[in-house]
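Okay, here's what each chain looks like letter by letter:
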Amino acid sequence: MNYFKILGLLFGFAAMLKPVYMHLLPWDEIKALTGTYTKKRPKWIIPVAIVGILLVTFTWYKELATDVPYSIIITLIFSLTIIKAFLFLFDYEKFRRWISGMVSEKNGWKKVVLVNILTGIFGLIVVVTSLLIY
């Protein structure tokens, strides 16, 4: 199995299962979001963002150094994660305000559910794409 198929399947399943672990498991996801993204940036955010950036960089290295057909698809899709990593590193407050805005509104949980459903659909597309092209 090649790197791009493994990456696509892992990344896709993680995204696809997000609605399950965020909403079907018995816990308060709104409380979890507000507890995770506190006003002061948690210490775990920087190492996670750096690991994410390194993984995207390695993926681009694999893209350029190997000749795997259609690998650019997974490379580009996975590269979108760098946006969140850069927000974590350089503008955490903006990301936190976005999360806080969603969960503090009267029906903010609906936006959280919608974001997670869209993430799940995106993950399904990545998994199917990974299975069909690799």
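The structure we're discussing is the one just above.
Residues numbered from 1 in each chain as written. Predicted model: local features only at pLDDT ≥ 70, side-chain atom pairs only at ≥ 80, totals over all residues. Heavy atoms only, no water.

Novice: Lay out the overall build of the protein chain with the relevant residues and their values.
Specialist: Helix and strand counts for the protein chain stand at eight helices and zero strands. Sequence-ordered secondary structure for the protein chain, helices as α and strands as β, is α-α-α-α-α-α-α-α. Each principal axis of the C-alpha distribution contributes one length, and for the protein chain these read about 50 × 30 × 20 Å. Of all 134 residues assigned to the protein chain, the portion counted as buried reaches 34%. Expressed as a percentage of contacts within the protein chain between residues at least 6 apart in sequence, the contacts between residues at least 24 apart total 75%. When the accessible area of the protein chain is evaluated, it comes to approximately 8,500 Å², of which 73% is carbon and sulfur surface. Charge separation in the protein chain, taken as the distance between the mean sites of 15 positive and 7 negative side-chain charges, equals 6 Å. (Helix = DSSP H or I, 4+ residues; strand = E, 2+ residues; numbered from the N terminus. Buried < 20%, exposed > 50% of the residue type's maximum accessible area, 1.4 Å probe, protein only. Contact = heavy atoms within 4.5 Å. Areas by Shrake-Rupley, 256 points an atom, 1.4 Å probe, with all protein chains shown as cover. Lys, Arg positive; Asp, Glu negative; His and termini not counted. Charge placed at Lys NZ, Arg CZ, Asp CG, Glu CD.)

Novice: Can you break down the packing of helix H3 (residues 29-36) against helix H7 (residues 92-104) residue by residue, with the values?
Specialist: Between H3 and H7, the shortest axis-to-axis distance is 10 Å and the interhelical angle comes to 160°. Overall, the two elements H3 and H7 adopt an arrangement that is roughly antiparallel. The crossing of H3 and H7 is left-handed. Contacts from Ile30, Leu33, Thr34 and Thr36 in H3 reach Tyr92, Ile99 and Val103 in H7. A breakdown of the residues in the contact of H3 with H7 according to their chemical character gives five nonpolar, two polar and no charged. (Axes fitted to C-alpha atoms, helices over the stretch in contact; angles between N-to-C directions. Parallel < 35°, antiparallel > 145°, perpendicular 65-115°, else oblique. Left-handed = near helix turned anticlockwise from the far one by under 90°. Nonpolar A, V, L, I, M, F, W, Y, C, P; charged D, E, K, R; others polar.)

Novice: Could you give an account of the side chain of Ser130, with specific residues and numbers?
Specialist: Residue placement: Ser130 occurs in helix H8 (residues 108-133). For Ser130, the contacting residues outside a window of four places in its chain are Lys5, Gly8, Leu9 and Ile74.

Novice: Give a detailed account of the pattern of salt bridges, specifying residues and quantitative values.
Specialist: The tally for this structure, following the rule as stated, stands at one salt bridge. Residue Glu93 is joined to Arg96 by a salt bridge in which the shortest nitrogen-to-oxygen separation is 2.9 Å. Of this pair, Glu93 and Arg96 both sit in helix H7, three residues apart, which is roughly one turn of that helix. Overall, Glu93 belongs to the partly exposed group, its relative accessible area being 29%. (Salt bridge = Lys/Arg side-chain N within 4 Å of Asp/Glu carboxyl O.)

Novice: I'd like a rundown of the nonpolar core, residues and numbers included.
Specialist: In terms of nonpolar packing, the biggest core is built from 15 residues, with Leu33, Tyr37, Phe88 and Ile99 touching the most fellow members. When residues of this core are traced back to their parent elements, those giving at least two are helix H4 (45-65), helix H6 (81-90) and H7. Per-element tally for this core: the top contributor is H7, with five residues. If sequence neighbours within four positions are ignored, Tyr37 has contacts with Trp44, Ile45, Lys84, Phe88, Tyr92, Phe95, Arg96 and Ile99. By size, the runner-up hydrophobic cluster in this structure holds eight residues, among which are Phe4, Ile74, Phe78 and Tyr134. (Core = buried A, V, L, I, M, F, W, Y, C linked by side-chain atoms within 4.5 Å.)

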